[in-house]
Structures are given as structure tokens and as C-alpha cells.
Amino acid sequence: MKKILSLFMMLAMVLSLAACSTNASPSATLPEKSNTPTNESTPAPSDTNGKNLVVYFSMPDNVDDSTVVIDGETLGNTQYMAYVIQETVGTDIFRIEPETPYPTDHDELVDLASEEQSDNARPAIKDTIENFDTYENIFVGYPNWWGDLPMILYSFFDEYDFSGKTIIPFNTHGGSGFSGTISTIKELEPNAEVLDGKSISRNDIQDAEQEIVDWINSLDLKQAEEQPDSSAEAQQPTDEARKTLVVYYSATGNTENVANYIATATDGDLFELEPVEPYSDADLNWTDDNSRVVREHDNPNERDIALVKSTIENWDEYGTIYIGYPIWWGIAAWPVDGFIEANDFTGKTVIPFATSSSSGLGESGELLAEMAGTGDWLTGERFRSGVSESDVTAWVESLER
């Protein structure tokens, strides 16, 4: 993404609607792209990220006035805000989805939203939040529909007890701002503290990343430093006499940039994984069902990608191996698999790193470790596309290797 989400993908989940005025209908959005290599599903969050949680509702339809496009990936406005918040604070994230999917046709969706409001409906929510009681600060995001909360937000507030918690609203709109929704949330959750929140017009959202980050920083929330699976717990000593190697596959250059930053910070050597048959731009077009990357995704037996070189001279000299890759459909881009299978990681510390615009690291490192069968694999880190060198260096230094 840009600084925070140079797309992902924080990620292809759903796209948001926004109201044109207090009495206007929900505005339109583009259909969600579901085949992106950086796409991720949004599971019910665990309690591993401490006190903070981002919950959001965002709904796509077939009109394009309420989306953000980053590096070719289309995100809904509310979805984009949720990803920026998640990235900045280091939270778990939960997407509110109806059990019965909403229509993606704009006119049908507008009519349904109006009908739900007239009926004071409570649409059923598909999933539930695990360990909800462990969270203290809940960011709640939504578009402005007909000058009100979407009715599925009423379902959400009916389902969970926010007593003693802090609710931090955020929304996207077409001119109506929050309307009266902050007061509504206070009425629905009288035993919670409800902050004023942040509202951004769909006309400004494309360039609002820094505005969102500044708002988050003004809240003075604790970062999620208490993560059992975080790199902070992966601080294991390494034999300083053995060298560091940074291995990477990069499809569009984002992973290559991070690899270079890591090599500089560690004084390590670089090794690029190059497919014998390189991926062209057309090959990487996940919106084309006939493209190479989509074909390989749909047919796992086609993911055995031959590499120009899969083994490294003086392999035994290296004690720490960083392995980098983009996230494709929630897993490591499969061109790295050949390198993993071709090498023995016994006695080495292996640190995965990934780039994506929206997807997290997920289980990609664990799956590679399982494939390798040897080595001491740490949790690693996912970086947004366009991450700064200082951020990467700070992560490397946090490992105290």
C-alpha cells in the first residue's frame, strides 16, 4: 500500500458503502476481487494481540465511487481504514459478515438497506469473536447508511457486552460524517466509554493514510507488544562467527526492497530465487482466471517451480537464514518451495519475512518449516508494501541477533 497498506490486500475482504447525505442512500462500490494473491480471509481473532481489536463492516456492490485502489488492488473505504488501524496499532481484526450475503447489485443493496432500517431488522452475523472479554479497546468501523448505522451493526452491539470497554468508532461517508451514530452507540452500550472517533469522506480516503495514523497516535494506545508468537519472543542467540544470508523471491520488487534492507542491517549476503520461467506481468494478473498464477493456485500440482539455482555455495558458513516472499492467497509464494526442499536447515536459525498489502504472515512460515523439516524456525514478520528501511531495521534490531 502506500506507507501502511501498499497493496496488501491490510487483506481482499469487502468494500464499503458510504452515505451521500444524512438522508441519502448508501453509495456504491466495486465488486470485491476474491482471487488476489494477497487476499486473506478474516478469522475470528484470538487473544494474542493484547488489549486492542478492530471490528469492521464493509459491503461491496457494482458501482465504483467508494473504493481505494492501491497497487492495483481494490479495497473498500471502511476496509482500508480498518487495515491502516490494524497495521498501526498491531491489533487483531474481525470482519462483520451477514449469514445471508447482501446483494452486490447497487440498486438492490440500497433497497435492502432501506428495508432493513424500516423494519428495524437485526441481520444475523456469520461468525463470532473468540475471547471477546480479553479486549479493552474496540475499534468499530462502518459506512454511513441512510444517516444511520447499517442494521447489522445493531446486531453486533446486541450480541456483545461492552461493559467496561472503550469503543472507538470510525466510519466512511459521502458527506454525512457520523450523523447521529456516535450517540446511537452510546445508547446501545451505556456501560462502555465511547470516544468521538474518526470519520473520513470517500473523496479524501485515497490519500488519508497519514491522517488515520496521526489520529491513532493521538489516542496514545499501547502497541501490541505482548504477542506470544511475535518476533520479540524469537530472540534466540546465534553464533556470531557464522554469517547471515538473506534469501528472497520477489515478484514485483517489494520483497526485494525488504531483503536489501535486512542485508544492510545484518551485514548479510543476498541470494535471489529466480524461476527458470520468470513470471511476466500477465502471469501475475490474479484478476485473469487464465493467468499463470491463478492456474497454479487452482492446480497445486503446477506449483513445482524450477529455479535457476536452488542451492548455495558455502551453505555451512551461514547460521542465520532470512527467507522472504510475497503472500499469495494467504501462503508463501510457491517459487520459494523449491529452495526449501533443496536445502538442509539443521543447526540454522530461519526467519521468514513476507510482503503484502493486506494479508498477514498467517501460517506461511509454519508451512515452510513443516516442508523443511529441519532448522529452528522463528515466527518472522510481515511487512506492508513500501515499508521504510528504518522500520525494517528496527525489526531486525529487535531480534538482537
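Treat the numbers as computed from the prediction; the structure is a model and nothing was measured.

Colleague: What should I look at first to understand the overall build of the chain in this one?
Modeller: A tally of regular secondary structure across the chain gives 10 helices and 15 strands. Residues classed as buried in the chain amount to 55% of the 401 residues present. Surface accessibility of the chain: about 16,600 Å² in total, with carbon and sulfur atoms responsible for 41%.

Colleague: Help me understand the confidence of the model for the chain, please; the structure alone is not making it clear to me.
Modeller: One rule of thumb: low pLDDT means the predicted coordinates there are not for detailed reading. In the predicted model, the chain carries a mean pLDDT of 81, and the fraction of residues at 70 or more is 78%. This model gives residues 2–49 a pLDDT under 50, and the stretch forms 267 contacts once residues within four places in sequence are excluded. Predicted confidence is poor over residues 223–241, with pLDDT under 50, and the contacts of this stretch with residues over four places away or in other chains come to 32 contacts.

Colleague: Is there a simple way to think about the side chain of T255 in this case?
Modeller: Within the secondary structure, T255 is located in helix α6 (residues 254–266). On the basis of relative accessibility, which here comes to 1%, the residue T255 falls in the buried class. Looking at T255, its side chain comes within polar contact range of the side chain of T355, at 2.7 Å. Beyond its immediate sequence surroundings of up to four residues, T255 is in contact with Y248, Y249, S250, G324, Y325, P326, F353 and T355.

Colleague: Explanation requested: unusual backbone geometry in the structure shown.
Modeller: With glycine set apart, most residues show a phi of negative sign, and most peptide bonds adopt trans. Residues other than glycine seldom take positive phi values, yet N314 does so here, at roughly 60°. Tracing the backbone shows N314 in the loop between α7 (292–298) and β11 (318–328). Positive phi outside glycine occurs at W329, with the angle close to 50°. Locating W329 in the fold gives a position in the loop between β11 and β12 (331–332).

Colleague: How should the nonpolar core be read in this particular structure?
Modeller: Side chains that are nonpolar tend, in soluble globular proteins, to be buried together. Core analysis: the biggest nonpolar cluster contains 34 residues, and V247, I323, Y325, W328 and F339 have the highest contact counts within it. Sorting the residues of this core by element identifies β9 (243–248), α7, β11, α8 (337–342), β13 (349–356) and α9 (364–372) as the ones contributing at least two each. Residue contributions to this core peak at six residues, all from β11. Of all hydrophobic cores here, the second largest spans 32 residues; its members include F57, F132, Y142 and I167.

Colleague: For this particular structure, what's the right way to read the environment of I182?
Modeller: Mapping I182 onto the fold places it in helix α4 (residues 181–188). Along the primary structure I182 and L195 are separated by 13 residues, whereas in three dimensions their C-alpha atoms are 8.3 Å apart. With sequence-adjacent residues up to four places away left out, I182 is seen in contact with Y142, P169, V194, L195 and D196.

Colleague: Honestly, the packing of aromatic side chains in this entry has me stumped. Any pointers?
Modeller: Aromatic rings in a pair are described by how distant their centres are and how their planes are angled relative to each other. Tallied over the entire structure, the rule returns 23 aromatic pairs. Look at F156 and Y160: their rings are 5.3 Å apart centre to centre, the planes differ by 50°, and that puts the pair in the tilted class. Considered together, F156 and Y160 belong to a single accessibility category, that of buried residues. Centre to centre, the rings of Y249 and W328 are 6.1 Å apart; their planes meet at 90°, and the pair counts as edge-to-face.

Colleague: Whenever I open this one, α9 confuses me. Can you help?
Modeller: Where α9 is concerned, the buried positions are S364, G365, L368 and A372. Angular distribution of buried residues about the axis of α9 spans 95°; they occupy a single face of the element. Along α9, the residues that are exposed and aim more than 90 degrees away from the buried face are E366 and E370. Tucked into the core, α9 has its buried residues touching β11, β12, α8, β13 and β14 (376–377). G373 occupies a position one or two residues after α9 and carries a positive phi of about 75°.

Colleague: How should helix α10 (residues 389–398) be read in this particular structure?
Modeller: Among all positions in α10, only V392, W395 and V396 are buried. Buried residues in α10, looked at end-on, bunch into an arc of 100°, giving them a common side. Residues of α10 that are exposed and point more than 90 degrees away from the buried face comprise S390 and E397. Tucked inside the fold, the buried residues of α10 contact α6, β11, β13 and β15 (381–384).

Reading guide: rules and limits
- Residues numbered from 1 in each chain as written.
- Predicted model: local features only at pLDDT ≥ 70, side-chain atom pairs only at ≥ 80, totals over all residues.
- Heavy atoms only, no water.
- Helix = DSSP H or I, 4+ residues; strand = E, 2+ residues; numbered from the N terminus.
- Buried < 20%, exposed > 50% of the residue type's maximum accessible area, 1.4 Å probe, protein only.
- Areas by Shrake-Rupley, 256 points an atom, 1.4 Å probe, with all protein chains shown as cover.
- pLDDT = per-residue confidence, 0-100.
- Contact = heavy atoms within 4.5 Å.
- Polar contact = N/O pair within 3.5 Å; in protein donor to acceptor, adjacent residues only side chain to side chain.
- Core = buried A, V, L, I, M, F, W, Y, C linked by side-chain atoms within 4.5 Å.
- Phe/Tyr/Trp six-rings, centres within 6.5 Å; stacked < 30°, edge-to-face > 60°.
- Arc of directions from axis to C-beta.

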